[in-house]
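Below are the chains, spelled out letter by letter.
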Amino acid sequence: MEERLQKVLSQWGVASRRQAEEMIRRSRVRVNGELAYLGQKADPQRDTITVDDKRVSAVERPDLVYLLLHKGVGIVSTCHDPQGRKTVLDLLPAQLRSGQGIHPVGRLDVDSTGALILTNDGELTYWLTHPRHSIPKTYRVLVEGHPPESVLRMWRQGVLLDGKKTRPAQVKIIDKFASTTCLEIILKEGRNRQIRRVAQQLGYPVLKLHRTAIGSIQLQAPGGRCLHEGEYRHLEESEIRFLQKLKADSH
């Protein structure tokens, strides 16, 4: 049965759908010896699919890997960076960096820190990053100044960004300092640099942004120590079940 090529590559754990599309654009993928094109369909049972001239198949699919990484400032949330900056994959050991199809799920901007999931489960990545699905993400955010309750209320209710209102968010004050305020923000969406842009628009620019949790998955493993910047750990079975259950409940 024919399916879109990027979906096949994602199901086989070669890359996420988005990354598979990029591979096709860069002429890295062939189907039966012919260069693949965006939108092309393939029969995974009958067609020969190669990436960088190496045949890929469901049989050769690596074991599924689920990691949580503590991303630091200056690290980009991609597999490759044209500007030569350090990527999240550079923080992994060689055996996980290549040949496994491991990629970040979503992204944290280069100036932000904290929890980032990496996996080679392309279907889970597609589900977690689809705008329709809303896994809550928790952030600690240090902003300039002291936003009053009226501003926090606006933030909670939604703010116009690029002509579209943001979804309701949970926003509460954690601590106040002489000239700054620490907030906890829980979002169920993740537009590009959303927290930074909303804070700037409301007049309280972000100084530091740190993601502490993705759903119930935290930098500190259940019963374990907290990850330091640049460190990673394998997700616990309970955490993988949490992600799979969210996915199943959405169908």
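Small disclaimer: the values here were computed from a predicted structure and weren't measured. (Residues numbered from 1 in each chain as written. Predicted model: local features only at pLDDT ≥ 70, side-chain atom pairs only at ≥ 80, totals over all residues. Heavy atoms only, no water.)

1. With respect to the state of the cysteines
Part 1: Counted according to the given criterion, the structure contains 0 disulfides.
Part 2: Here Cys182 stays free of any disulfide, with the sulfur of Cys226 as its closest cysteine sulfur at 15 Å.
Part 3: According to the relative accessible area criterion, Cys182 is buried, its value standing at 15%.
Part 4: Residue Cys226 is classed as partly exposed on the basis of its relative accessible area of 36%. (Disulfide = S-S within 2.5 Å. Buried < 20%, exposed > 50% of the residue type's maximum accessible area, 1.4 Å probe, protein only.)

2. Describing helix α4 (residues 122-129)
Part 1: Inspection of α4 places Gly122, Leu124, Thr125, Trp127 and Leu128 among the buried residues, and these make up the whole buried set.
Part 2: Taking the backbone nitrogen of Leu124 as reference, a side-chain oxygen 3.1 Å away marks Asp121 as the first, capping residue of α4. (Helix = DSSP H or I, 4+ residues; strand = E, 2+ residues; numbered from the N terminus. Polar contact = N/O pair within 3.5 Å; in protein donor to acceptor, adjacent residues only side chain to side chain.)

3. Some words on the side chain of Ser112
Part 1: Along the chain, Ser112 turns up in the loop between β8 (103-104) and β9 (113-119).
Part 2: One polar contact links Ser112 to Arg196, side chain to side chain, over a distance of 3.1 Å.
Part 3: In contact with Ser112, not counting residues within four places along its chain, are Lys71, Gly72, Val73, Arg196 and Leu209. (Contact = heavy atoms within 4.5 Å.)

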